Amino acid sequence: MSDGVRAEAVRVAAAAYPVEFLADWAAYEAKLSRWVADAAGQGAGLLVFPEYAPLELISLLPTDLHHDVIGMRPALQAFVPDFVALHARLAREYGVGIVAGSYPVAQGGVFVNRAFVFGPDGTHAHQDKLLMTRFEAEEWHIAPGEGAAVFDLPLPGGTLRFGIAICYDSEFPTLARELAEGGAELLVVPSFTGSRAGFTRVRVGSMARALENQLYALHAPLIADAPWTYAVEDAHGAAGVYAPSDNGLPEDGVVAQLGWNESGWLVTDLDLRLTRAVRVDGHVLNWRDRVVGATRPTPAQVVSLGGVPKRV
């Protein structure tokens, strides 16, 4: 246990997780167990799965629901208790923190996109997605959740404090700022994007949040070629870890990355002393200047540049 001491260095793992057609629940359990064992065996203390990674469980539903994005939502609820229990068991077994792939969960008469988060003792909490993409809102009828959580993960070297911005949430500065104000030193970004353009938006958003808040951002994308389900038939990306480009950190802001659509774990060591140092004495001081930067100038003024020019 960390006894409240902040970790100075942590090893994290971002999954570029491939969707597969599963024969049964045992196949899913075996697959997830292999993935967790692999990352834990490489020494990772925090394992992050992508947005909607568990939707490969759609393959276990009746075939008439595979393309029925409305009907599949209540049917998927049958797996939630076993899904939570499996992740809790693996977190305990390997002594790691796990951000599970986000799941459409029934909550208060609606469905939310929920990332369950597990501690090394199997304790779990969650972060819901707060901003919906058009597909989620207009076709799937997934509702925005409420609240932002900052998680304290006890690791052998101290506590890692992190927050989660699920996919589209990373494209807006407000949530990440709130998490950083709550002490988060790592922003976790699980994503599901169906094109390079969508992936780029999330990647650029993640890098911008790392710059603005002078923290690390971890991007875990879903990989899919699954024509058997409309929900996640195509998913593309590259796992990456980003940082502010400043003293001791990569000049291009990329700490590590996998290749395009390359599945597997991206296991990376984060030196939290570096991001703490640039907050205090970097070439720029985005964190120190965050309040002034957010309020100046305000309100914006429209300045006239004269009338319509005369033709010569």
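Above this text sits the structure in question.
Notes on the structure in this doc start here. Counting starts from 1 at the beginning of each chain's written sequence and moves along it residue by residue. Where local features are concerned, this predicted model is filtered to residues with pLDDT of at least 70; where side-chain atom pairs are given and counted, the filter is 80 or more; whole-chain, interface and lining totals use all residues. Side-chain figures throughout are based on the complete set of non-hydrogen atoms in the structure, without hydrogens or water.

## Details of the overall build of the chain
Counting secondary structure elements, the chain contains eight helices and 15 strands. Taking 312 residues into account, the globule formula puts the C-alpha radius of gyration at 20 Å, and the chain, at 20 Å, falls close to it. Projected onto its principal axes, the C-alpha coordinates of the chain cover approximately 70 × 55 × 40 Å. Exposure is judged per residue with a 1.4 Å probe applied to protein chains only, and the accessible area is read against the type maximum: over 50% gives exposed, under 20% gives buried, and values in between give partly exposed. Considering the chain as a whole, with its 312 residues, one finds that 53% of them fall into the buried category. Two residues form a contact once any of their heavy atoms are found within 4.5 Å. Residue pairs at least 24 apart in sequence account for 69% of intrachain contacts in the chain once pairs closer than 6 positions are excluded. Separation between the mean location of the 24 positive side-chain charges and that of the 36 negative ones in the chain comes to 8 Å. Counting from the N terminus, the helices are DSSP H or I runs at least four residues long and the strands are E runs at least two residues long. For this measure, only C-alpha atoms enter the radius of gyration; the expected value for a globule follows 2.2 Å times N^0.38, where N is the number of residues. For the purpose of charge, His is not counted, nor are the chain termini; Lys and Arg are scored as positive and Asp and Glu as negative. Charged groups are reduced to one reference atom each: NZ for lysine, CZ for arginine, CG for aspartic acid, CD for glutamic acid.

## A closer look at helix α6 (residues 196-213)
For α6, with 18 residues, the first-to-last C-alpha span of 25 Å sits near the 26 Å given by 1.5 Å per residue. Packed against the buried residues of α6 are α5 (173-181), β10 (186-191), β11 (216-225), β13 (240-242) and α7 (272-281). Once α6 finishes, Gln214 follows within two positions and takes phi at roughly 50 degrees, a positive value. What a helix is expected to span follows from its residue count: subtract one and scale by 1.5 Å.

## What to know about the side chain of Glu136
Here Glu136 is to be found in helix α4 (residues 134-140). Accessibility expressed as a relative area gives 2% for Glu136, which makes it buried. Apart from residues lying up to four places away in sequence, Glu136 is in contact with Glu51, Tyr52, Asn113, Lys129, Leu131, His141 and Ile142.

## As for empty space enclosed by the protein
In this analysis a 1.4 Å probe is tested at points of a 1 Å grid over the protein atoms alone, and where it fits but cannot get out there is a cavity; an open set with protein on both sides within 12 Å along at least five of seven lines is a pocket; lining residues have an atom within 4 Å of a point. Grid points are joined across faces, edges and corners, and a volume is the space filled by probe spheres set on the points. One pass over the full model with this rule turns up one cavity of 30 Å³ or more. By volume, the largest cavity is sized at about 30 Å³. What lines the largest cavity is simply Tyr17, Tyr28, Leu32, Phe49, Ala53, Pro54, Phe83, His87 and Gly101. Those elements that place two or more of their residues in the lining of the largest cavity are α1 (25-41) and α3 (80-94). Its residues placed into classes, the lining of the largest cavity shows seven nonpolar, two polar and no charged. Gly is put with the polar residues, along with every residue not named as nonpolar or charged; the nonpolar set is Ala, Val, Leu, Ile, Met, Phe, Trp, Tyr, Cys and Pro, and the charged set is Asp, Glu, Lys and Arg.

## Some thoughts on α3
Across its 15 residues, α3 extends 21 Å between first and last C-alpha, which sits within 8% of the 21 Å expected from 1.5 Å per residue. Of the surrounding elements, those touching the buried residues of α3 are α1, α2 (72-76), β3 (97-99), β4 (103-107), β5 (110-118) and β6 (124-128).

## A look at the pattern of salt bridges
Salt bridge, as used here: a side-chain nitrogen of Lys or Arg that lies within 4 Å of a carboxyl oxygen of Asp or Glu. Scanning all chains against the criterion turns up 17 salt bridges. One salt bridge in this structure joins Glu29 and Arg89, with 3.1 Å as the shortest N-O distance. Of this pair, Glu29 sits in helix α1 while Arg89 is found in helix α3, placing the two residues 60 residues apart along the sequence. Residue class for Glu29 comes out partly exposed when judged on its relative accessible area of 28%. We note a salt bridge from Asp128 to Arg114, for which the minimum N-O separation is 2.7 Å. Pair noted here: Asp128 is in strand β6 and Arg114 is in strand β5, with a separation of 14 residues, a long-range link.

## Here we look at the environment of Leu155
Following the sequence through the fold, Leu155 ends up in strand β8 (residues 150-155). With relative accessibility at 9%, the residue Leu155 sits in the buried group. In this structure, the C-alpha to C-alpha distance between Leu155 and Val96, residues 59 residues apart in sequence, is 7.9 Å.

## Observations concerning the side chain of Asp169
With respect to the helices and strands, Asp169 occurs in the loop between β9 (158-164) and α5. Comment: no salt bridge for buried Asp169; closest opposite-charge side chain is Lys129, at 6.2 Å. In contact with Asp169, other than residues within four places in its own chain, are Asp128, Lys129, Leu130, Leu131 and Leu175.

## A word on unusual backbone geometry
Negative phi is the rule for most residues except glycine; trans is the rule for most peptide bonds. Phi angles above zero are rare outside glycine, and Tyr52 is one such case at about 60 degrees. Look at Tyr52 and you get buried, because its relative accessible area is 2%.

## Some points on the layout of surface pockets
Roughly 450 Å³ of volume is contained in the largest pocket. Taken together, 23 residues form the lining of the largest pocket, with Thr133, Phe135, Phe192, Thr193 and Gly194 sitting closest to its centre. Class assignment for the residues of the lining of the largest pocket results in nine nonpolar, five polar and nine charged. Mapped by element, the contributors of at least two residues to the lining of the second largest pocket are β5, β6 and β8. In terms of residue count, β8 provides more of the lining of the second largest pocket than any other element does, four residues in total.

Take it as geometry only, folks, not as evidence of what the structure does.
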